[in-house]
Amino acid sequence: MKVKVQTLDAKASGDIELNDTVFGVEPRADILHRVVTWQLEKRRATARGTRERADVARSGKKFGRQKGGGTARHGDRRAPVFIGGGKAHGARVRDFNPSLNKKIRALGLKMALSSHAKAGSLVVLDAFGTAKTAELKAQFAKLGTGKTALVIDGEAGNGFLAARNLVGVNVLPAVGANVYDILKHDTLVLTRAAVEKLEARFNG
């Protein structure tokens, strides 16, 4: 698949041949859904469990007599009403650490990249190295990247610092490319270096 390469000023800078095994895969909703679900679940930290009545180390002896004490009746000091007692209906440890086959993860990333290529929302830049935020904002307006854009470069550089304050523009190094971030942006912007690294990642 041949795609035009542009500069940040929206000027032509030749063509690039994209590998069809990476950018020409037919997207499947079920694969993308599995990968996005797995990715979001992996973000969740394991909840810390609390000690309930049965977990508290206290005597099980009856606290006071049943009647005649002038106070409420209690079975033991582990009841939730006492300081140091067990938590009533406390949080339990839940493990949010799902597994997903490595081949499915790789296929999902290929499909996410291919979905932008197929929809025509893929922009390939010669380089991404602007040092000024104001300049970068004007250049993105020329490129017509839509409401939200994800820029993936080979390495984190000056352009990453300049893009931090731009609304609707996010940046990632090629090593951090992932399905969720690629799919949630209107436009995917890749540099030549990013294309080379992504293709090497799958064909290496």
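See the structure shown above.
Anyway, here's the lowdown on the structure attached to this text. Everything quoted here is computed from the prediction, not taken from an experiment.

## Description of the environment of Ala200
Now for step 1: Within the fold, Ala200 resides in helix H7 (residues 192-203).
Now for step 2: Placed 132 residues apart in sequence, Ala200 and Gly68 show a C-alpha to C-alpha distance of 81 Å.

## Re the packing of aromatic side chains
Now for step 1: As enumerated under the stated definition, the model contains three aromatic pairs in all.
Now for step 2: When the centroid spacing of 6.4 Å and the interplanar angle of 70 degrees are considered together, the rings of Phe128 and Phe140 count as edge-to-face. Of this pair, Phe128 sits in the loop between strand S3 (122-125) and helix H4 (133-143) while Phe140 is found in helix H4, placing the two residues 12 residues apart along the sequence.
Now for step 3: Overall, the relative accessible area of 5% leaves Phe128 in the buried class.
Now for step 4: Given the relative accessible area of 6%, Phe140 is considered buried.
Now for step 5: Plain terms: the ring middles of Phe128 and Phe160 are 6.5 Å apart, the flat faces sit at 65 degrees to each other, and that makes the pair edge-to-face. One end of the pair, Phe128, is in the loop between S3 and H4; the other, Phe160, is in helix H5 (residues 158-162), and 32 residues separate them in sequence. Both residues of the pair, Phe128 and Phe160, count as buried.
Now for step 6: The rings of Phe128, Phe140 and Phe160 are connected pair by pair, giving a single aromatic cluster.
Now for step 7: Residue placement shows Arg77 over the ring face of Phe82; its charged tip is 4.8 Å from the ring centre.

## Some points on H4
An α-helical turn contains 3.6 residues, so any two residues separated by three or four positions project in the same direction.
Now for step 1: Listing the buried residues of H4 in full gives Leu136, Gln139, Phe140 and Leu143. Along the axis of H4, the buried positions cluster into a sector of 100 degrees, meaning they face one direction only. Those residues of H4 that are exposed and angled more than 90 degrees off the buried face are Ala134, Lys137, Ala141 and Lys142.
Now for step 2: Here the buried face of H4 lies against strand S1 (2-6), S3, strand S4 (149-153), H5, strand S5 (169-173) and strand S6 (187-191).
Now for step 3: Gly144 lies just past H4 and shows a positive phi near 65 degrees.

## Some points on helix H2 (residues 29-43)
Now for step 1: Here H2 contains 15 residues, and its C-alpha end-to-end distance of 21 Å stays within 8% of the 21 Å for a straight helix at 1.5 Å per residue.
Now for step 2: Every buried residue of H2 is listed here: Ile31, Leu32, Val35, Val36, Trp38 and Gln39. All buried residues of H2 lie within an arc of 160 degrees about the axis, which places them on one face of the element. Opposite the packed face of H2, turned more than 90 degrees from it, sit the exposed residues Ala29 and His33.
Now for step 3: Those residues of H2 that are buried lie in contact with helix H3 (102-119) and helix H6 (179-183).

What counts and what doesn't
- Residues numbered from 1 in each chain as written.
- Predicted model: local features only at pLDDT ≥ 70, side-chain atom pairs only at ≥ 80, totals over all residues.
- Heavy atoms only, no water.
- Helix = DSSP H or I, 4+ residues; strand = E, 2+ residues; numbered from the N terminus.
- Phe/Tyr/Trp six-rings, centres within 6.5 Å; stacked < 30°, edge-to-face > 60°.
- Buried < 20%, exposed > 50% of the residue type's maximum accessible area, 1.4 Å probe, protein only.
- Lys NZ or Arg CZ within 6 Å of the ring centre and 35° of its normal.
- Arc of directions from axis to C-beta.
- Contact = heavy atoms within 4.5 Å.
- Expected span 1.5 Å × (residues − 1).

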